[in-house]
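Here is how the chains run, residue by residue.
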Amino acid sequence: MLDLLDNINPDVEVLERSFKLSAISNRMLSQVLENNNNKSKDYWARCIVAVAGKSDKEAFSNLFTHFAPRIKSFLMKGGADAIIAEECVQETMVAVWNKAHLFDPTRAAASTWIFTIARNKRIDTARRNNRPEPDVLPWGNETEPDASEIISIQEETTLLAQAVKELPEKQRIIVERAFYNDLSHQEIANETGLPLGTIKSRIRLALQRLRHNMK
Amino acid sequence: MNTHMTIKHHLNEQLLMGYAAGILPEAFSLVIATQVSISDEARARLESYEAIGGGMLEDSDTEEMSPNALDSVFKKIEKSKSTVKTKAPEMVEGIFPEPLKKYTGDELNSIKWKNIGRGVKQSILKTDKNASARLLYIPAGTAMPNHSHNGLEMTLVLEGSFYDKDGYFKRGDIEIGDQELHHKPTASDEGPCICLIASDAPLKFKSILPRILQPFFKI
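Reference entry: report on the structure contained in this document.

Glancing now at the overall build of chain B. Looking only at helices and strands, chain B features 6 helices and 11 strands. By the burial criterion, 56% of the 219 residues in chain B qualify as buried. Taking contacts inside chain B between residues at least 6 apart in sequence as the whole, the part at least 24 apart equals 65%. Surface exposure of chain B reaches about 10,200 Å², of which carbon and sulfur atoms provide 54%.

A word on the packing of aromatic side chains. Residue and element names in this part refer to chain A. Scanning all chains against the criterion turns up 11 aromatic pairs over all chains. Between phenylalanine 74 and tyrosine 180, the aromatic rings sit 5.0 Å apart at their centres with planes inclined by 65°, giving edge-to-face as the arrangement. Separated by 106 residues along the polypeptide, phenylalanine 74 in helix α2 (residues 57-77) and tyrosine 180 in the loop between α6 (169-179) and α7 (185-189) bring together distant segments of the chain. Exposure class is identical for phenylalanine 74 and tyrosine 180. Each is buried. One aromatic cluster is present, built from ring pairs that chain together Phe74, Phe115, Phe179 and Tyr180.

Turning our eyes to something else, we now look at helix α2 (residues 26-38) of chain B. The first and last C-alpha atoms of α2(B) sit 18 Å apart over 13 residues, in line with the 18 Å expected at 1.5 Å per residue. Burial within α2(B) is extensive, with 12 of its 13 residues counted as buried.

Next up on the list: the environment of B:Ala198. All names here are of chain B. Counting through the fold element by element, alanine 198 comes out in strand β10 (residues 193-199). By relative accessible area, which is 0% here, alanine 198 ends up buried. Sequence separation of alanine 198 and leucine 152 is 46 residues, and the distance between their C-alpha atoms is 8.2 Å. Every residue in contact with alanine 198, bar those within four places of it in the chain, is listed here: Ala27, Phe28, Val31, Ser132, Ala133, Leu152, Glu153 and Met154.

Here we take up the sheet that holds strand β6 (residues 161-164) of chain B. Residue and element names in this part refer to chain B. Pairing is antiparallel in the open sheet, where 3 strands are placed in the order β7-β6-β9. The open sheet has two edge strands, β7 (167-170) and β9 (186-187), and neither has a second partner. Two strands pair when backbone bridges link them, and β6 and β9 are joined in this way by 2 bridges, in the antiparallel orientation. Residue pairing for β9: phenylalanine 162 is matched across the bridge by alanine 187.

Let us look at the sheet that holds strand β8 (residues 174-177) of chain B. Backbone hydrogen bonds hold the strands of a sheet together, and the pairing may be parallel or antiparallel. Residues and elements named next belong to chain B. Strand order across the open sheet formed by 6 strands is β1-β2-β3-β10-β5-β8, with antiparallel pairing between neighbours. The strands lining the two open edges of the sheet, one partner per strand, are β1 (114-115) and β8. Note that strand β2 (residues 121-125) and strand β3 (residues 132-138) share 5 bridges and pair antiparallel. The residue bridging isoleucine 124 from the neighbouring strand is arginine 134, located in β3.

Attention now moves to empty space enclosed by the protein. Taken as a whole and judged by the stated rule, the model has 3 cavities of 30 Å³ or more. Lining the largest cavity are 14 residues; nearest its centre among them are B:Leu136, B:His147, B:Thr155, B:Pro185 and B:Ile197. Listing elements by their share of the lining of the largest cavity, those giving two or more residues are β3, β5 (153-159) and β10 of chain B. Counting residues per element, the lining of the largest cavity draws most heavily on β3(B), which supplies 3 residues. Considering only enclosed or pocket space, the second largest cavity measures out at about 60 Å³ in volume. Lining the second largest cavity, in full, are A:Ile71, A:Phe74, A:Leu75, A:Phe115, A:Ala118, A:Arg119, A:Arg122, A:Phe179 and B:Leu57.

As a further point, take the interface of chain B and chain A. Of the residues lining the interface, 67 residues belong to chain B; the matching set on chain A comes to 75 residues. Across the chain B/chain A interface, buried area totals approximately 6,400 Å², and carbon plus sulfur atoms make up 64% of it. Contact with chain A buries surface across chain B, with B:Ile23, B:Leu57 and B:Met65 losing the most and accounting together for 11% of the total. Counting across the chain B and chain A interface gives 5 salt bridges. Across the pair B:Asp59 and A:Lys165 runs a salt bridge, and its minimum N-O distance is 2.9 Å. Joining chain B to chain A, the criterion identifies 23 residue pairs in polar contact (both at pLDDT 80 or more).

A word on the pairing of β2(B). All names here are of chain B. As judged from the 2 bridges shared by β1 and β2, these two strands associate in the antiparallel manner. Looking at β2, one finds that asparagine 115 is bridged to lysine 121. The antiparallel pairing of β1 with β2 creates a hairpin that spans 5 residues between the two strands, and glycine 117 there sits at a positive phi of about 105°. From the end of β2 to the start of β3, which pair antiparallel, there are 6 residues.

A few words now on the side chain of B:Thr127. Here B:Thr127 is to be found in the loop between β2 and β3. Residues within four places of B:Thr127 in sequence aside, it is in contact with B:Glu26, B:Ala27, B:Tyr103, B:Ser132 and B:Ala133.

Analysis parameters
Sequence positions are assigned chain by chain, starting from 1 and proceeding in written order. Chain A is the first chain written and ligand 1 is the first ligand written, with later ones labelled in order. Under the rules for a predicted model, residues below a pLDDT of 70 receive no local features and side-chain atom pairs below 80 are neither given nor counted, while totals for whole chains, interfaces and linings still include all residues. The side-chain quantities take in all heavy atoms of the structure and omit both hydrogens and water. Runs of H or I in DSSP of at least four residues are treated as helices and runs of E of at least two as strands, each being numbered from the N terminus. The rule is simple: take the accessible area with a 1.4 Å probe, protein chains only, and divide by the maximum for that residue type; under 20% is buried, over 50% is exposed, in between is partly exposed. Contacts between residues were defined by any pair of non-hydrogen atoms, one from each residue, lying within 4.5 Å. Surface accessibility in these figures is a Shrake-Rupley result with a 1.4 Å probe; residues are shielded only by whichever protein chains are displayed. Each Phe, Tyr or Trp ring, with Trp reduced to its six-membered ring, pairs with another whose centre is within 6.5 Å; inter-plane angles below 30 degrees give stacked pairs, above 60 give edge-to-face pairs, and intermediate values give tilted ones. Helix span, as expected, comes to 1.5 Å for every residue beyond the first. At least two bridges found by DSSP between two strands is the condition for calling them paired. The pocket and cavity definitions rest on a 1 Å grid over protein atoms only: a 1.4 Å probe that fits but cannot leave marks a cavity, an open set with protein on both sides within 12 Å along at least five of seven lines marks a pocket, and residues lining either have an atom within 4 Å of a point. Grid points are joined across faces, edges and corners, and a volume is the space filled by probe spheres set on the points. As a working definition, buried area equals the accessible area (1.4 Å probe) given up by two parts on being put together, with both sides summed. In the sections that follow, a salt bridge refers to a side-chain nitrogen of Lys or Arg positioned within 4 Å of a carboxyl oxygen of Asp or Glu. We call two N or O atoms a polar contact when they sit within 3.5 Å, provided that within protein one can donate a hydrogen and the other can accept it, with sequence-adjacent residues counted only if both atoms are side-chain atoms.

Following this line, the structure appears as structure tokens:
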């Protein structure tokens, strides 16, 4: 009997422990997921704002870990080799640090802003020629941008990405090739209308923000 | 709006997307960067097309960075510290927004114009060879010779206004010309019209004289 108990108890304990463990790991997992969900809304925008305001190296490292490998993959899809892509990503991230104070989280999602910097660096590296850029708009000295505004601009970006994925295949490929830098300006001009209905609501939102910021 | 205009509208959107994606020749980029600096609506549209790139980047696969990449970025930041401290620039006054000033100098009187007849003047801006850019000055009430286009042409109004069979164009508006468009743009009577034009092919004139002059004036 004793022997039997001795034999059983450890098993029960192991079982119990593994239940506890899985309960803990589930809780941790759901916390991680929750963090990730929080992240998906305005986390990255806040990181850039922290880099601008406090030269926050940790926020910058997080941005780097998330975006650098994505930019590199993005550039390589356009035909850049790994060494050039790596160099271009590094220059992009240096510019993210140096230009963080120009980022307006109520007008662009973090990913959009970083995309435009990477695009410009790509053009600089590839052609070494001029790239006319619009004037940069000053944005107000408001200490904390409104969270709901940041979130809605992020949500519109996500919707737009979704809309592109749902385009008929031929048109989706045109849009993707353009952004991967694998299309000429004549080719894009010859496309007879890309039905991007979703872009219209994004444009309305952008216009609203611009007018708001101009006041 | 007739079908021709609708097609033009699409073309405009596609070129804006091309700018957002970073695939336009320098001359076309100059026209769009200048328009965006003048017009809120163009800026809103551009920012929206750029958001497509942002969405694609967010969804992108990943490619591993070299192990010391972050360190070397911090080092580069350290090095660049002495050189950069860009402030957001002031909003522009005058007819030339910032991106155009890099090509023209600060103001109208810094432009070196060449007369091309009937009081019309032009000044060619230096860009890469994939397309050309020029400023055009048309005196009030003057009509340009009737012409069509071999390739794509974007005309952005910087000052004054002009009209042709496709409509009336004022500061910040772009007219797009392609093989389909035969037009005779005429500056409005109120004052001279100054435009920025980008083209990826030379113009085709209908009458013989401008055609003979074309190679000399690079129009």
